[in-house]
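# Descriptive structure summary
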Amino acid sequence: MSIVGTHETNKYLLIIAGVSCLVYSTYSTSIYPTIACSTTLLMIQRILLGVTVVHVFFWTVPQAYGVQVVVSWLILVVSPLSILLSPSEPKPRLLCIGFALTPPFILLCASYEVFFVLVLLIHLVFWFDLECFQSNTLIHQSFLILVYLFLSFFGLGNIASVNSYDWSVVRFFISVFSPFTMLSFFLLKIFIPFLLVSCTVRAIHVACSGETHSIQAPTETVLLLVLVMCDVMGLVFLFLVRNTGSWKDIGLSISHVVIVNCITLALMCLYSVASYLVPADERRNKGSFAT
């Protein structure tokens, strides 16, 4: 069996990105006292980020390969579980979800992608503030969701070329060629940005539903409009499918239809997951309705 992970990886970019996440985590703690109160959560997430940075730095040591693989799997399992310790308020919860998903994502990256998800998280937090500060129209909200979804997908690589996706990112978890395992990690890497977008949509809904002055539209209506937009794009791409020309052009025209439909399906499924990750604050909702 052939060994995976032989491609060159810019580990210094991963280290810088991990340190940047630590800095942003510290900055967020100084702004949101609710996160600062969760001492156990902060300790776990910062230790995981620190271990991830050190782990990436010493990855080239061949004598400790077995231990390094075990550490990678522990980070993959333990880091998402830290979400259970995060506060229930929507915005701190959203930040904690992002920090919890960052260590596994770093291990699934080869170069610039981890900076992409960090910038995406910061931008999603700004979008959350904007939506809570002023309510936008249905079309505007749906369009932004669609933009973030496509940005989350294409920000990780160029779908027109399979070679743009570095399959050696599984080097931290497996050492032999295993197509199904590699595909699972590849899908996990794609779904993490999608999950951040879904959690942001859910957090906006939870935050605005507890405010009596808010005219925020129901999330079901917004998602339905996103579905309609994707259906329209799917029909357009369906009529543009080619049956002549090179195999690359034919495959690219078909992939456009598949991408639009898969992104819509992923949004609906991951929003259900986000409903559990960002639960509604019943106490705040009852208090706001009582006033």
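Fair warning: this is a prediction, and the values are worked out from it, not measured in the lab.

Rules behind the numbers
Residues numbered from 1 in each chain as written. Predicted model: local features only at pLDDT ≥ 70, side-chain atom pairs only at ≥ 80, totals over all residues. Heavy atoms only, no water. Helix = DSSP H or I, 4+ residues; strand = E, 2+ residues; numbered from the N terminus. Buried < 20%, exposed > 50% of the residue type's maximum accessible area, 1.4 Å probe, protein only. Contact = heavy atoms within 4.5 Å. Areas by Shrake-Rupley, 256 points an atom, 1.4 Å probe, with all protein chains shown as cover. Core = buried A, V, L, I, M, F, W, Y, C linked by side-chain atoms within 4.5 Å. Axes fitted to C-alpha atoms, helices over the stretch in contact; angles between N-to-C directions. Parallel < 35°, antiparallel > 145°, perpendicular 65-115°, else oblique. Left-handed = near helix turned anticlockwise from the far one by under 90°. Nonpolar A, V, L, I, M, F, W, Y, C, P; charged D, E, K, R; others polar. UniProt positions renumbered as here; feature names shortened; annotations may be inferred. Phe/Tyr/Trp six-rings, centres within 6.5 Å; stacked < 30°, edge-to-face > 60°. Patch = residues over 30% accessible without salt bridge, like charges linked within 9 Å, V, L, I, M, F, W, Y side chains within 5 Å. Salt bridge = Lys/Arg side-chain N within 4 Å of Asp/Glu carboxyl O. pLDDT = per-residue confidence, 0-100.

## Some details on the overall build of the protein
Scanning the protein from N- to C-terminus turns up 11 helices and 0 strands. Moving toward the C terminus, one meets the helices and strands of the protein in the order α-α-α-α-α-α-α-α-α-α-α. Among the 291 residues that make up the protein, the fraction classed as buried is 48%. The long-range fraction of contacts in the protein, counting pairs at least 24 apart against all pairs at least 6 apart in sequence, stands at 79%. For the protein, the exposed area adds up to about 14,500 Å²; of that, 73% sits on carbon and sulfur atoms.

## Describing the nonpolar core
Counting residues in hydrophobic clusters, the biggest one holds 54 residues, and the most contacted among them are I97, W127, I145, F194 and C199. Among the secondary structure elements, those contributing two or more residues to this core are α1 (11-31), α5 (90-107), α6 (113-133), α7 (138-154), α8 (179-209), α9 (219-239) and α10 (247-277). With 14 residues, α8 is the single largest residue contributor to this core. Discounting residues that sit within four places of it in the chain, I145 has contacts with W127, V201, V222, V226 and L267. Formed by 12 residues, the second largest nonpolar core is a distinct cluster that contains L76, A110, I174 and F185.

## Digging into the packing of α7 against α9
It is at 9 Å that the axes of α7 and α9 come closest, and there the two elements cross at 60°. When the interaxial angle is binned, α7 and α9 end up oblique. Relative to α9, α7 is oriented so that their crossing is right-handed. Residues L138, I139, Q141, S142, F143, I145, L146 and F150 of α7 pack against T221, V222, L225, V226, M229, C230 and M233 of α9. Residue composition of the contact of α7 with α9, grouped by class: 12 nonpolar, 3 polar and no charged.

## Comments concerning the UniProt feature "transmembrane region" (unreviewed entry) in the protein
Under the present numbering, the feature "transmembrane region" (unreviewed entry) in UniProt falls on residues 12-35, 41-58, 65-85, 105-130, 142-160, 172-201, 222-241 and 253-278. As annotated, residues 222-241 has a helix share of 90% and a strand share of 0%, and its two end C-alpha atoms lie 29 Å apart. For residues 253-278, the end-to-end C-alpha separation is 37 Å, with 96% helix and 0% strand making up the annotated structure.

## Quick look at the packing of aromatic side chains
On inspection of all chains with the given rule, the structure shows 8 aromatic pairs. Judged by centre distance (5.1 Å) and plane angle (90°), the ring pair of F153 and F154 falls under edge-to-face. Residue classification places F153 among the buried residues on the basis of a relative accessible area of 11%. With a relative accessible area of 37%, F154 lands in the partly exposed category. On the basis of an interplanar angle of 20° and a centroid distance of 4.7 Å, the ring pair of F173 and F185 is categorised as stacked. Of the two residues, F173 is situated in the loop between α7 and α8 and F185 in helix α8; the sequence distance between them amounts to 12 residues.

## A word on the environment of C230
For C230, the position within the fold is in helix α9. In this structure C230 comes out as buried when scored by relative accessible area, which is 2%. C-alpha separation for the pair C230 and C262, spaced 32 residues apart in sequence, amounts to 9.9 Å. When neighbours within four sequence positions are excluded, C230 is seen to be in contact with L146, V260 and T264.

## Some points on a nonpolar patch on the surface
Taken together, V70, L74, V77, V78, L81 and L84 make up a surface patch of nonpolar side chains, about 570 Å² in accessible area. For V78, the location among the structural elements is in helix α4 (residues 65-81).

## Considering the confidence of the model for the protein
With 73% of its residues at a pLDDT of at least 70, the protein reaches an overall mean of 75. Low pLDDT (under 50) marks residues 1-7, which in the prediction has 16 contacts with non-local residues, meaning those over four places away or in another chain. Every residue in residues 283-291 scores below 50 in pLDDT, and together they form 12 contacts with partners more than four places removed in sequence or on other chains.

## Regarding the environment of P90
Considering the arrangement of structural elements, one finds P90 in helix α5. The class for P90 is buried, based on a relative accessible area of 4%. Between the C-alpha atoms of P90 and P279, which are 189 residues apart in sequence, the distance is 8.2 Å.

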